[in-house]
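Listed below, chain by chain, are the residues.
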Amino acid sequence: MGESTGASIRSHCIGTTAVVYASDYLNKLTGEKIERECRKQLDGGCRALVINFSDTELVNSIGISILLGIIDIAERNGAQLIFSDLNTQTIELFQMLGLTRHVLLARDEEEALTVLTSYTTQTSTVGH
Amino acid sequence: MRQGNSKQGRRILGRVTQEEFVGRTAELAQLVSHPAVAGEPRGLLVLLAPLAGVSELLRQTYDELFNRQGEIVPIYFQVERTYATAVSAAIEFLTTFVLQYIAYKRDAPSLCQTSLTLPDLVRLAPPSDHEWIAELVAAYNKERFSDDNKSLVRFCLSAPQRVPPRSGRPFVMIDGVELAAYLNTAVQLDSEMIKTFNRSHLPYALAGLRRQVLEAVHRAGTNFETVDMLRLDRLTEEQARQLIETAAHRQKVSLNEETRDLLAEQFEGSPLFITAFLQAARERNVSPTTYLACEQLYVDDLMGGHLNRHFNSLLEEIAAEPDVRRSLIRVLHESAIGGNRKTPFETWRRLLNAETPALQKVLAQLHMHELLNWDGISVEAGGGPAVWLDYLKMRFRLDVMNEPRATVVAQSIADALKRAPHTMAHHYRRTVNLKLRELLGRFNGQLVPEKLFHYGDFSASYKGADLEEIVRDLDVESQLLRLPQVFHTATCSSFVANIDQFGDKECCVAAHAFDGAIYTAANQVVWLVAELESKLEADRRLTETWLDRLTLFAIHSGFHRTRIWLIAKEGFSLEASELLKQRKAFGSSRQQFALLAERIGEFEPPSLPGKPDEFEIVLPMGDDNELLAASITEQIARRLDFQPEAINQIKTAIVEACINASEHSFSPDRKIYQRFRLESDKLVITISSRGVVPSNLQAQITEQGVKFGELDEASEERRGWGLKLIKTLMDEVEFERVDDGTSLRMTKYLRRTSS
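Residues numbered from 1 in each chain as written. Chains lettered and ligands numbered in written order. Predicted model: local features only at pLDDT ≥ 70, side-chain atom pairs only at ≥ 80, totals over all residues. Heavy atoms only, no water.

1. Focus: the overall build of chain B
- What chain B contains, in helices and strands, is 28 helices and 20 strands.
- Evaluated residue by residue, chain B yields a buried proportion of 52% over its 755 residues.
- For chain B, the exposed surface amounts to about 34,800 Å²; the carbon and sulfur share of it is 49%.
- In chain B, the 90 positive side-chain charges and the 103 negative ones have mean positions that sit 3 Å from each other. (Helix = DSSP H or I, 4+ residues; strand = E, 2+ residues; numbered from the N terminus. Buried < 20%, exposed > 50% of the residue type's maximum accessible area, 1.4 Å probe, protein only. Areas by Shrake-Rupley, 256 points an atom, 1.4 Å probe, with all protein chains shown as cover. Lys, Arg positive; Asp, Glu negative; His and termini not counted. Charge placed at Lys NZ, Arg CZ, Asp CG, Glu CD.)

2. So, the packing of aromatic side chains
- Considering all chains together, one arrives at 35 aromatic pairs over all chains under this definition.
- Among the aromatic side chains, those forming a connected cluster through ring pairs are F267, F273, F277, Y298, F311, W388 and Y391 of chain B.
- The ring of Y21 of chain A carries R10 of chain A above its face, with NZ or CZ at 4.1 Å from the centroid.
- Positioned above the aromatic ring of W546 of chain B is the side chain of R549 of chain B, whose terminal nitrogen or guanidinium carbon lies 4.3 Å from the ring centre. (Phe/Tyr/Trp six-rings, centres within 6.5 Å; stacked < 30°, edge-to-face > 60°. Lys NZ or Arg CZ within 6 Å of the ring centre and 35° of its normal.)

3. So, the sheet that holds strand β8 (residues 378-380) of chain B
Residue and element names in this part refer to chain B.
- One open sheet accounts for three strands, arranged β6-β8-β7; its pairing is antiparallel. This sheet does not close on itself; its edge strands, each paired only once, are β6 (342-344) and β7 (373-374).
- The pairing of β6 with β8 spans three bridges and is classified as antiparallel. Bridge pairing in β8 links K342 to E380.
- Packing of helix α15 (residues 345-352) onto the sheet brings it into contact with β6, β7 and β8, and relative to β6 it is tilted by some 80°. (Pairing = 2+ DSSP bridges. Contact = heavy atoms within 4.5 Å. Axes fitted to C-alpha atoms, helices over the stretch in contact; angles between N-to-C directions.)

4. Some points on the sheet that holds strand β1 (residues 43-48) of chain B
Residues and elements named next belong to chain B.
- Reading across from one edge, β2-β3-β4-β1-β5 is the order of the five strands in this open sheet, with parallel pairing throughout. Strands with a single pairing partner mark the edges of an open sheet, and in this sheet they are β2 (72-78) and β5 (227-232). When strand polarity is set aside, the average angle formed by the axes of neighbouring strands in this sheet is 15°.
- Sheet analysis places β1 next to β5, joined by six bridges and oriented parallel. By the bridge assignment, L44 is partnered in β5 with D228.

5. A closer look at unusual backbone geometry
Residues and elements named next belong to chain B.
- Notably, L51 is not glycine yet its phi reads approximately 70°, a positive angle.
- With respect to the helices and strands, L51 occurs in the loop between β1 and α2 (55-68).
- On the accessibility criterion, L51 (16% relative accessible area) is buried.
- For E370, which is not a glycine, the phi torsion comes out positive at approximately 60°.
- Relative to the assigned elements, E370 resides in the loop between α16 (356-368) and β7.

6. Some points on the packing of helix α21 (residues 467-475) of chain B against helix α24 (residues 590-599) of chain B
Residue and element names in this part refer to chain B.
- Running from N to C, α21 and α24 cross one another at 55°; their axes reach a closest spacing of 12 Å. Between α21 and α24, the angle is such that the two are oblique. The handedness of the crossing between α21 and α24 comes out as right-handed. Facing α21, whose interface residues are L467, I470, V471, L474 and D475, α24 presents Q591, L595 and R599. (Parallel < 35°, antiparallel > 145°, perpendicular 65-115°, else oblique. Left-handed = near helix turned anticlockwise from the far one by under 90°.)

7. Topic: the side chain of E192 of chain B
- Mapped onto the elements of the fold, E192 of chain B is located in helix α7 (residues 189-200).
- When residues no more than four places from it in sequence are discounted, the contact partners of E192 of chain B are K150, V153, R154, L157 and V187 of chain B.

8. Some thoughts on the pattern of salt bridges
- On inspection of all chains with the given rule, the structure shows 52 salt bridges over all chains.
- Residues participating in the shared-partner salt-bridge network are E238, R241, E245, E257, R260, D261 and R690 of chain B. (Salt bridge = Lys/Arg side-chain N within 4 Å of Asp/Glu carboxyl O.)

9. Details of the confidence of the model for chain A
- When pLDDT is averaged along chain A, the result is 84; 87% of the residues meet or exceed 70.
- Here residues 1-6 of chain A is a poorly scored stretch, pLDDT under 50, and it has 13 contacts once near neighbours within four places are set aside; other chains count. (pLDDT = per-residue confidence, 0-100.)

10. Some words on α16 of chain B
Residues and elements named next belong to chain B.
- With 13 residues, α16 ought to run about 18 Å at 1.5 Å a step, and its terminal C-alpha atoms sit 18 Å apart, in line with that.
- Of all the residues in α16, the buried ones are L359, V362, L363, Q365, L366 and M368.
- At the exit of α16 stands E370, carrying a positive phi of roughly 60°. (Expected span 1.5 Å × (residues − 1).)

11. A few points about the interface of chain A and chain B
- Listed by partner, the interface residues are 24 residues for chain A and 30 residues for chain B.
- Interface area, chain A with chain B, both sides summed: about 2,300 Å², of which 56% is carbon and sulfur.
- Three residues, R36, L58 and Q89 of chain A, lead the burial of chain A against chain B; their summed loss comes to 24% of the area buried on that side.
- Linking chain A with chain B are four salt bridges, by the criterion used here.
- R36 of chain A is the salt-bridge partner of E469 of chain B, the closest N and O atoms lying 2.9 Å from each other.
- In this structure, the connection of chain A to chain B is made through eight residue pairs in polar contact (both at pLDDT 80 or more).
- Among the secondary structure elements, those contributing two or more residues to the side of chain A that touches chain B are α1 (28-43), β6 (58-59), α2 (61-76) and α3 (88-96) of chain A.
- Per element, the largest residue contribution to the side of chain A that touches chain B is eight residues, and it comes from α2 of chain A. (Buried area = accessible area lost by both parts, 1.4 Å probe. Polar contact = N/O pair within 3.5 Å; in protein donor to acceptor, adjacent residues only side chain to side chain.)

12. Notes on the environment of D613 of chain B
All names here are of chain B.
- Within the secondary structure, D613 sits in the loop between α24 and β16 (614-620).
- A relative accessible area of 44% means that D613 is categorised as partly exposed.
- Taking the C-alpha atoms as reference points, D613 and Q649, separated by 36 residues in sequence, lie 21 Å from one another.
- Look past the residues within four positions of D613 in its chain and what remains in contact with it is F676, R677 and L678.

Shown next as structure tokens:
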């Protein structure tokens, strides 16, 4: 299991799954950092991504639009993507803007990893 | 009577105090020091752009030199419209000269304001000067009865040469030289002045409209090497704003920042228009604190006030006959609204039904005032300041179309009001636009990382990376591009008139250059550079449109070898980047542009009274300051016992409102104004910013303010969600009507949980 912090984005790999940690405020700058980290992990051979929002208190619409871009990137690369550890407010926002139609949400990182493990044999959906 | 230190700052001819005189500090210093420059005394030609204003500058120079009481004796003379002939003007000059000389020698400023005859002045002359002044007046009395007008004019103008060297050196400043063109006489006063003053071996300054002064210098056969020049353009935006503030203060007229900026733009930095407008405001007791009040007063003054009188007398001087004047108004107005503005002289003669010499005189005078260009063969009309064009339109409707005055007034106010936001929007855009021409001019064959011109490659390497990392990488980048040496830049609209319909004209630029600074035909290239308007990465369609547009422009303009460079704020989509590659064009984001600018030289990239329960906060835009706003909002919302969920909703709405304010407004002060009002059952938050109303909001705003529910929710764009979010998170959202920028009012009601 390797770990890197980049400039301000933490991430680590478990097998072919990368867990990327979003910061306390998701805006254009931090969104682009997450996108960069995800691209890096995919280029490095990861086949699944978990974005962990446990530190995220506030999200803005530009940050959300970048998350949609990350969903596109994951799709194009044939990679699975799960968002985990979101607070209620953020979930509401994602629902409001339709993100939840395109990405799986997991209660926490552990659940996300479990889902990804089982996904290798079957397709399943999880949610709150 | 000498007054020691109290002489400093005495107002003698100046209409305003030294402190109130703004915007021409460097020019004032040059004028004051001109007569003291070592070596042979020289003439100074003060060349004015139309409406630039010079009289107060000369009067301030006079006051400064007068108060110094040194060797230099200042003399200020203004050619006036009331002088009928060159002879009467020259005699007036002689009297003014003697009067001001004696006032200076006696240090008696009040004398300058008197109207004395030459015999009176001889009696007032100080003993040390009495003899030569008496001789001068006696000689004049002899000369004035001769039949030789030219000789009399020269005699009067050469009077300063009679001052004995021990009595000081006169410095003559002539104002309004262009008015010499209207004198009904065979003697050309302007040329005679230049000839006489040049022979006098005394310093002098001659101020007037640049075309007229230069023409007079040519006519006088003057060697340009013997004169210095001082070019006066209209005030810069900053200077104009300063002038408006000081003049409004002096006239006791209330303004605010919004209307001050509007007036600075609308009057294009003309001191004459600005002071006329503020004078009208004082006379009519109007406070121009709204766009509406400004435009009503503007139209009033244009219809029958100072502005009206200014243009009326100008037109009467140019075309004395009412019939010719009416035809002239028609032709000038039609030229202003028409497309093809260059017309043969013969066409003008037919349109105005005028004799050739009379028309030549009319055209020469319009040319002098830069209201058109006439080269003796064809006439290029349609120019001039916007105020002049408004005046022409108004006169056309009244005099040619015979429309009722009330209709013209109403429509003119409506037009001016509709134009005001566009004027300001244009100003804001110009302020934040990339300074393309400035940057291109500094290319100068420098080597820069090629990645700065290929957004696709740049994005793949650096999107989301820290600036330090990008700069570090670029420093060691091996793929370099040699920039050309640019020798001429101009807006594309300078070549093809209608290209600026696609955006601000400064956003599309053509730069003529040589690759490698090698001056051969094979190396000659034209860079066509355009700044695209796009919130997101520019897509393929927009990119293709601009590539096609610039390619056609190059063909139309006869540019054989070109290089297209497009710049979009957020760069280009993958497909657009691919297209740029295919078409061998460059594409950069604003970040790449700023990085390039830093590399190639010094360049500056496009960087309320309250109530007890009201809070006001002003935050600068950027640097995640919306987080500060959210944090403050949280503290305020807690005072009303909002539930945590509601507080989070309000915070998110605030963040979105701040982002909206800073992203698209081209705000001049880069500030977000926030007002919080606590009521028993609700929190009302108003977020305002100055600048352009974003296009997605424009439809939302009507005179009453439109409820948010009318927002088009069908938009599938990934940006522009902010408003949708705000609407969902807050209970009431509406726009308040403001002249400049936007003001968004959001309300959240308190829902107490039952205990």
